[in-house]
Structure formats: structure tokens, C-alpha cells
Amino acid sequence: MADTDTDIDISAPVPSPPAPAAAPAPAAPPPAPAPAPPSFVYAIGQIEPRFPSIGVEKEFAQAVGRDSNAAAAATDRQALQATLAQRQNRYLARQLCWVLTVEGLETYILLPRDPADLDLFIEAVRPRPAPGDLDVVVGVLGPIADADQCNGLVLPIVGVDQVYSFDRDELVAAIPRPDNVDDDEQFQATAEELLDRLMQLADNAGATNEHRAVNYLSVRYPAIYAHTAQAHGENRSLSSVEVRPSRLSGTRDVVDVIFAYTDRRTDATEKHFVRVDVTEEFPFLVSKLTPFYER
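Let me sum up the structure you'll find in this document. (Residues numbered from 1 in each chain as written. Predicted model: local features only at pLDDT ≥ 70, side-chain atom pairs only at ≥ 80, totals over all residues. Heavy atoms only, no water.)

As for the sheet that holds strand β8 (residues 269-277)
Link 1 in the chain: Strand order in this open sheet of four strands is β6-β7-β8-β9, and the pairing throughout is antiparallel. Bordering the open sheet on either side are β6 (236-245) and β9 (284-291), each of which pairs with just one other strand. When the angles between neighbouring strand axes are averaged without regard to direction, this sheet yields 20°.
Link 2 in the chain: One ladder, built from five bridges, connects β8 with β9; its direction is antiparallel. Paired with Asp277 across the strands is Phe284, a residue of β9.
Link 3 in the chain: Across the sheet, helix α7 (residues 184-199) lies against β6 and β7 (254-263), angled at about 35° from β6, the strand it touches most.
Link 4 in the chain: Against the sheet, helix α9 (residues 223-233) contacts β6, β7, β8 and β9, and its axis sits at roughly 15° relative to β7. (Pairing = 2+ DSSP bridges. Helix = DSSP H or I, 4+ residues; strand = E, 2+ residues; numbered from the N terminus. Axes fitted to C-alpha atoms, helices over the stretch in contact; angles between N-to-C directions. Contact = heavy atoms within 4.5 Å.)

Structure (C-alpha cells):
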């Protein structure tokens, strides 16, 4: 019977399996998100030094003991001010935690962006503090402080670029009197009342555009005091202060601060407004106080 088996050449090379397809190139990572624009602070309050630790507090006590002027001070506050005022104790000022209180509430931890500005913090420490003492702080809002940075205070940090300190009487005395207001005492009462009202707007920590604009006007635009005094002389009272985004806002943040005055006899309301640009760290006036009409 014929042999039907097929001869197989085992010496022939076995074909290689096909090469696997190349893996696709990894996708490019998504672009990093754009950094958030900085947030600014324009706040009015009181700057207070605090001891961040018991070690700094003990070192301060020893410095007071070495300083005859501080040791002879009548009060602890006077001793604090006298000690910090001495150049040789500047190392202590750098160790202290500086806090801004607004309406009595601890609101920010302050860090000078320029070390030379530490002198402004020291000057804000009055030997005899009074309720009318005011400190204006302008800066950039930073992160929340760690609990161990300021002896347990967990507050937002503000990098401070400008501080100026004054008291209520100084501010009122610097406001030019309008020609039609002869009673200086009445003008002072009006100015103090308006300043208190602006500072006591709800949650005015000076961090929103609205509050920054109001605080800027409070200390830098005397016309609002003169106009309010004039309104009081005409038997009109300040009935409201409102802040709205301006119709002119486009690439810049502009707000309208509207002051409403109501006639005490007729209840008729008249409004005036000021336009303020709050785009950058330092607000500025766009338009002066003029009549406001609802559109």
C-alpha cells in the first residue's frame, strides 16, 4: 500500500508571530488651571500685638525689666509700648503676632510684606488706647494661619502693604467744613455718626469689593461727610447706604456707592452716589458725589 504520509521538513524555520501594535502615545496632561486672582483687603479696625508663645512672653517680661522707662510705666499697656519703641527690642516686635480686630472681633493676622513696615505696626500700639483709635490696613489676603502660628488663633493672613493710624477726632478735624455749615459741633456729630454707620455695615471685614469701597470712602473722601451734614441741616436723614456693581464695569471692577437721604417731614427720598474702582489693591474714585436716578 502506498505511503500517504507527507514528509515534513523539521529544519525549516518556524514563522515568527506578528509584532504587537505599538501602544498609543500617552495623552498630554491637561493644562494647569490659571492661578486665582489675588484678593485684597481694605479694613478699618485696631492693630493689637499678641504673644505667639509663652517663651516670647517671658522674653518680653525680661526686656521690660531691663528697660528703666518700661519698668516705670504705670500700666501694662504703657510698658508694652515703651518696650517695643526701643530699637534694641526690635527683635521682640518681629516675634510678636500682630492681629487686626474689627468691631472687637479678631479678624486677621497681619504680616508686613516689607520688613521696614514693622515700624508702622509698632506706632499703632498706643500707650493709652481709646475706642476712637482706628487703624486702616491695606494688603493682600492670604491663607488661613496654622494654629501654632499665633497661639491658637486660626485666622486669615493679610500681607500688609500700607497702614495708617489715627483717631476719630483727627479724622473729623481733617474734614473740610462746607460753607453752609456753621456749627462745628453739629458737623462733628454728623461725621462721627456717618463713620460709625459705614463701619458697622453687616460683616464689614474689608474683604469684599463693596466693603473695600465703603471703607475707602470713609477715610479718603470727605465730600460724603459734608453732604450728609448739609442734608441734616435741611431736615433730611441718611436712610440707607447701598453698594451695587456699576454699569460701567467691564474689564475692571467698578461699584456705585449710593447714599439715600429721606426728608423727615415728607418721607421723600433723594439719592446721591459715588463711583469707585476696586479692581486693584488700592481703590480710587471714578466719579464724584452726584445725584442718582433709578433706571
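Re the sheet that holds strand β5 (residues 156-167)
Link 1 in the chain: Taken in spatial order, the five strands close into a barrel running β1-β2-β3-β5-β4, and their pairing is mixed. Taken over all neighbouring pairs, the strand axes of this sheet differ in orientation by 55° on average, direction set aside.
Link 2 in the chain: Pairing analysis gives four bridges linking strand β3 (residues 105-112) to β5, with the strands arranged parallel. In the sheet register, Ile109 faces β5, and the bridge partner there is Ile157.

So, the pairing of β5
Link 1 in the chain: Pairing analysis gives 10 bridges linking strand β4 (residues 133-144) to β5, with the strands arranged antiparallel. Residue pairing for β5: Ile144 is matched across the bridge by Pro156.

Quick word on the packing of helix α1 (residues 54-66) against helix α3 (residues 76-84)
Link 1 in the chain: Put simply, α1 and α3 touch, their axes get as near as 10 Å, and they point 85° apart. Here α1 lies roughly perpendicular to α3, going by the angle between them. Contact with α1, carried on its side by Phe60, Ala63 and Val64, involves Ala79, Leu80 and Thr83 of α3 and no other residues of that element. (Parallel < 35°, antiparallel > 145°, perpendicular 65-115°, else oblique.)

What about the packing of aromatic side chains?
Link 1 in the chain: Scanning the model with the defined rule gives five aromatic pairs in all.
Link 2 in the chain: For the pair Phe273 and Phe292, a centre-to-centre distance of 5.4 Å together with 70° between the ring planes defines the contact as edge-to-face. With Phe273 in strand β8 and Phe292 in the segment after β9, this residue pair connects regions lying 19 residues apart in the sequence. Summarising the burial analysis for this pair, Phe273 and Phe292 share the class buried. (Phe/Tyr/Trp six-rings, centres within 6.5 Å; stacked < 30°, edge-to-face > 60°. Buried < 20%, exposed > 50% of the residue type's maximum accessible area, 1.4 Å probe, protein only.)

Some points on the pattern of salt bridges
Link 1 in the chain: This model, assessed by the stated rule, comprises 17 salt bridges.
Link 2 in the chain: For the salt bridge of Arg126 with Asp133, the shortest nitrogen-to-oxygen distance reads 3.9 Å. You'll find Arg126 and Asp133 in the same group, each marked buried.
Link 3 in the chain: Among the salt bridges present, the one from Glu294 reaches Lys271, with a minimum N-O distance of 3.0 Å. Residue Glu294 is found in the segment after β9, and its partner Lys271 is found in strand β8; the two are separated by 23 residues along the sequence.
Link 4 in the chain: If you follow the salt bridges from partner to partner, you end up with Glu242, Arg244, Lys271 and Glu294 in one network. (Salt bridge = Lys/Arg side-chain N within 4 Å of Asp/Glu carboxyl O.)

Considering the state of the cysteines
Link 1 in the chain: One pass over the full model with this rule turns up one disulfide.
Link 2 in the chain: Through a disulfide, Cys97 is tied to Cys150; the S-S separation comes to 1.9 Å. In this structure the cystine formed by Cys97 and Cys150 twists about its S-S bond by roughly -110°; its chirality is therefore left-handed. With Cys97 in strand β2 (residues 97-102) and Cys150 in the loop between β4 and β5, this pair connects stretches of sequence that are 53 residues apart. (Disulfide = S-S within 2.5 Å.)

Describing unusual backbone geometry
Link 1 in the chain: Of note, Glu103 is a non-glycine position whose phi angle comes to about 55°, a positive value.
Link 2 in the chain: Inspection of the secondary structure puts Glu103 in the loop between β2 and β3.
Link 3 in the chain: According to the relative accessible area criterion, Glu103 is partly exposed, its value standing at 48%.
Link 4 in the chain: At Asp267, a residue that is not glycine, the phi angle is positive and equals roughly 65°.
Link 5 in the chain: Overall, the relative accessible area of 60% leaves Asp267 in the exposed class.

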